[in-house]
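Geometric and topological summary
Given next are the chains, with one letter for each unit.
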Amino acid sequence: MSAVLPSARASAAGATAPSAARAPDAETVYRPAGRLDLAGTLAPLGRGPYDPTTTWDLRGMWRTWRTPLGAATLRIHRPSADGAVSAAAWGPGAEWAIGAVPALLGRDDDWSGLDVGGHPLLRDSLHRNPGLRLARTSRMLEALIPAIIEQRVTSIEAYRSWSRLLRWYGEPAPGPAPEGMRVTPTLEQWRGIPSWEWHRAGVDPRRARAIQAVLAVAPSLERATERAATLADAETVLQTIPGVGLWTAAETLQRSHGHPDLVSVGDYHLAHQVGEALIGRRVDDDGMLELLEPWAGHRQRVVRLIFASGFRFQRRGPRVTLQEHRWH
């Protein structure tokens, strides 16, 4: 699971955020039922420190969306002293973006059935992070394409590719967004990217073909995942696309649907992290799933608690060498 902490792009004094002189096209104040950890909840949405769709400053987050009604820029402020979260949006999709704020901030994410009292690290992490929630974006395609780009490469390589593609093909963010922010391309624009441009962005032919397979059926794929009777059915639907397997489906549905149980099986480091955090030694994917079985139904929440705990597994061996194929 890739998660970049908000501080990666934060301004030291919030000075890089532009003045919001232009009145929002839509705005709201959301009052969560309990405490809300805005940074911890929304951190997984950003794809690296230079993701053109996501920017953090000391006041909160800027996020762009390709909504069903068009482009939108969403500004979410950190909770006030009374816990209220103010949000404003600009662009044709502003009303949709504002309507999505409660789900985005985890309104429907219920942790009440999760019992981690028997494990000291998890118990302590939950105690110290009571406002942690799983975000739900309801934008499947915007989660699926970068997940495919992240297949079988280092995070740095994937982040670079995503940033290049959005700088080249993304639409400038509407409203008073920070300079350089972009909205993800439309379906037609994604489909129009030629093969050599995928290569120039650092996306190899195998991953590019998987993305093209998604784009060919994107509208029906989105409808099928939205109408799926269960989250397990939505996972099955995604895996009918060539090149979309367990890991990619999990990384997508964790973000688009706030899936509370899917684990990113096949991740390069996740099993090591979970194993060392829970029992003090590395395990493989099967071992990770066995360790997480007592929390079936909440396994993604447990993974998030492990990351939120600050625990980091001991890395061993040489660093992976970054491959550069764009000019071959």
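Because the structure is a prediction, the values reported are computed rather than measured.

Using the criterion set out here, one finds three aromatic pairs in the structure. For the ring pair Trp 62 and Trp 90, a centre distance of 5.8 Å and an interplane angle of 25° mean the geometry is stacked. Taken together, the residues Trp 62 in strand 3 (residues 60-67) and Trp 90 in strand 5 (residues 85-90) connect sequence positions 28 residues apart. Accessibility expressed as a relative area gives 2% for Trp 62, which makes it buried. Considering the side-chain rings of Trp 162 and Trp 190, the 6.1 Å spacing of their centres and the 20° angle between planes classify their relative orientation as stacked.

Listed as buried for helix 14 (residues 285-292) are Gly 287, Met 288, Leu 291 and Leu 292. When helix 14 is viewed along its axis, its buried side chains cluster within an angular range of 130° and face the same direction. Exposed residues pointing more than 90 degrees away from the buried face of helix 14 are listed as Asp 286 and Glu 290.

Estimated volume of the second largest pocket: approximately 250 Å³. Looking at the second largest pocket, it is lined by 17 residues, and the ones nearest its centre are Arg 66, Arg 139, Leu 141, Leu 187 and Glu 222. Sorting the residues of the lining of the second largest pocket by element identifies strand 3, helix 5 (140-149), helix 7 (187-191) and helix 10 (218-227) as the ones contributing at least two each. Residue composition of the lining of the second largest pocket, grouped by class: 10 nonpolar, three polar and four charged.

This brings us to the pattern of salt bridges. Taken as a whole and assessed by the stated rule, the structure comprises 13 salt bridges. Measuring nitrogen to oxygen at the nearest pair gives 3.0 Å for the salt bridge that ties Glu 150 to Arg 47. Residue Glu 150 is found in the loop between helix 5 and helix 6 (155-169), and its partner Arg 47 is found in the loop between helix 1 (38-42) and strand 2 (54-57); the two are separated by 103 residues along the sequence. For Glu 150, a relative accessible area of 8% puts it in the buried group. The closest approach of N and O atoms between Arg 128 and Asp 124, which form a salt bridge, is 2.8 Å. Pair noted here: Arg 128 and Asp 124 are both in helix 4 (residues 120-128), with a separation of four residues, about one helical turn. Using a relative accessible area of 43% as the deciding quantity, one classes Arg 128 as partly exposed.

The buried count for helix 12 (residues 246-256) comes to 10 of 11 residues, which makes it a mostly enclosed element. Of the residues making up helix 12, those classed as buried are Trp 247, Thr 248, Ala 249, Ala 250, Glu 251, Thr 252, Leu 253, Gln 254, Arg 255 and Ser 256. Of the surrounding elements, those touching the buried residues of helix 12 are helix 5, helix 11 (231-238) and helix 15 (299-308).

A few words on the sheet that holds strand 2. A sheet is described by the order of its strands in space; here five strands give the open sequence 1-5-4-3-2, paired in antiparallel fashion. Two strands in the sheet have a free side with no partner beyond their single neighbour: strand 1 (26-30) and strand 2. This sheet shows a mean twist of 20° between the axes of neighbouring strands, independent of strand direction.

So, on to the packing of helix 5 against helix 10. It is the contact of helix 5 with helix 10, at a shortest axis distance of 10 Å, that shows an interaxial angle of 115°. As judged from the angle between their axes, helix 5 and helix 10 are roughly perpendicular. Handedness of the helix 5/helix 10 crossing: right-handed. Where helix 5 approaches helix 10, its residues Met 140, Leu 141 and Leu 144 are matched on the opposing element by Ala 218, Leu 221, Glu 222 and Thr 225. Tallied by class, the residues present in the contact of helix 5 with helix 10 amount to five nonpolar, one polar and one charged.

As a further point, take the pairing of strand 5. Along any regular strand, the residues point their side chains to alternate faces of the sheet. In terms of burial, strand 5 is a largely internal element, five of the six residues being buried. In this structure, strand 1 lies alongside strand 5, joined through five bridges in antiparallel fashion. Within strand 5, the residue paired with Glu 27 across the bridge is Ala 88. Of the strand pairs in this sheet, strand 4 (residues 70-77) and strand 5 are connected by four bridges, and their pairing is antiparallel. What sits directly across from Leu 74, in strand 5, is Ala 89.

Calculation criteria
- Residues numbered from 1 in each chain as written.
- Predicted model: local features only at pLDDT ≥ 70, side-chain atom pairs only at ≥ 80, totals over all residues.
- Heavy atoms only, no water.
- Phe/Tyr/Trp six-rings, centres within 6.5 Å; stacked < 30°, edge-to-face > 60°.
- Helix = DSSP H or I, 4+ residues; strand = E, 2+ residues; numbered from the N terminus.
- Buried < 20%, exposed > 50% of the residue type's maximum accessible area, 1.4 Å probe, protein only.
- Arc of directions from axis to C-beta.
- 1 Å grid on protein atoms, 1.4 Å probe; cavity = no way out; pocket = protein on both sides within 12 Å on 5 of 7 lines; lining within 4 Å.
- Points joined across faces, edges and corners; volume = space filled by probe spheres on them.
- Nonpolar A, V, L, I, M, F, W, Y, C, P; charged D, E, K, R; others polar.
- Salt bridge = Lys/Arg side-chain N within 4 Å of Asp/Glu carboxyl O.
- Contact = heavy atoms within 4.5 Å.
- Pairing = 2+ DSSP bridges.
- Axes fitted to C-alpha atoms, helices over the stretch in contact; angles between N-to-C directions.
- Parallel < 35°, antiparallel > 145°, perpendicular 65-115°, else oblique.
- Left-handed = near helix turned anticlockwise from the far one by under 90°.

Note that all results are geometric; they support no functional claim without further evidence.
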